[in-house]
Amino acid sequence: MKTTLNDITRIAVFAALIAVLGIPGAISVGGAVPITLQTLGVMLAGAILGWWRGAASVIVLLVLAAAGLPLLSGGRGGIGVFFGPTAGYMLGWIVGAAVVGAIVHAGARRPVWWRVALGSVVGGILVVYAVGIPVMAAVLGLSIPDAIAANYVFLPGDAIKAALTVALTLAVWKAYPRAFGFERRLLAVKKQPATVAP
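Residues numbered from 1 in each chain as written. Predicted model: local features only at pLDDT ≥ 70, side-chain atom pairs only at ≥ 80, totals over all residues. Heavy atoms only, no water.

### A closer look at the overall build of the protein
Here is step 1 of the chain: On a plain count of helices and strands, the protein comes out with eight helices and zero strands.
Here is step 2 of the chain: Along the protein, helices (α) and strands (β) appear in the sequence α-α-α-α-α-α-α-α when read from the amino end.
Here is step 3 of the chain: Look at the contacts in the protein between residues 6 or more apart in sequence, and 70% of them connect residues 24 or more apart.
Here is step 4 of the chain: Of the roughly 10,000 Å² of accessible surface on the protein, a fraction of 74% belongs to carbon and sulfur atoms. (Helix = DSSP H or I, 4+ residues; strand = E, 2+ residues; numbered from the N terminus. Contact = heavy atoms within 4.5 Å. Areas by Shrake-Rupley, 256 points an atom, 1.4 Å probe, with all protein chains shown as cover.)

### Remarks on the UniProt feature "transmembrane region" (unreviewed entry) in the protein
Here is step 1 of the chain: The sites that UniProt annotates as "transmembrane region" (unreviewed entry) are residues 12-37, 49-73, 79-104, 116-139 and 159-176.
Here is step 2 of the chain: Counted over residues 49-73, helix gives 68% and strand 0%. Its end C-alpha atoms are 22 Å apart. (UniProt positions renumbered as here; feature names shortened; annotations may be inferred.)

### Quick look at the packing of aromatic side chains
Here is step 1 of the chain: The tally for this structure, following the rule as stated, stands at one aromatic pair.
Here is step 2 of the chain: When the ring of W173 is compared with that of F180, the centres are 5.3 Å apart and the planes differ by 80°; the resulting orientation is edge-to-face. Summarising the burial analysis for this pair, W173 and F180 share the class buried. (Phe/Tyr/Trp six-rings, centres within 6.5 Å; stacked < 30°, edge-to-face > 60°. Buried < 20%, exposed > 50% of the residue type's maximum accessible area, 1.4 Å probe, protein only.)

This is the structure:
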């Protein structure tokens, strides 16, 4: 898998985008895990960049946050955040972005709304919950059913983020398709020599 300067630039841009979405801060809903807009950035990273670039953008963000930069919602940073109840959700962002990208980009030549919606729900919600809930339960000493019940409050907001991901992804494709990796695959197909039948 060849990494180009364009890839590195896009990864950096989306790491910055996820960080910027944390500037408004987190919304407390009375539990240990707040609502944050950064999950929207994770969904967009996967949908637009594809599986490995999307995951890489999240990894860059988390490495910088672990180094102490205040890039997480509410200006949080430092290695300590990876030992709290939100740690699993942040690690789930990596897998989630990869799953979103895999679903949106698999065998496709352009983003299709239902693929983006499916990827956002499966990768951006279900996968993140699947990693985050057990970690939250372990840190807080909750049973898994209680931890699952505590996450119900996030579902409406995450559904809105998935819908926004669909709208924004299609808008970016219309305005700037080069942000995606689809055009590279199309060029590769066009460059293949035509086969001549014997």
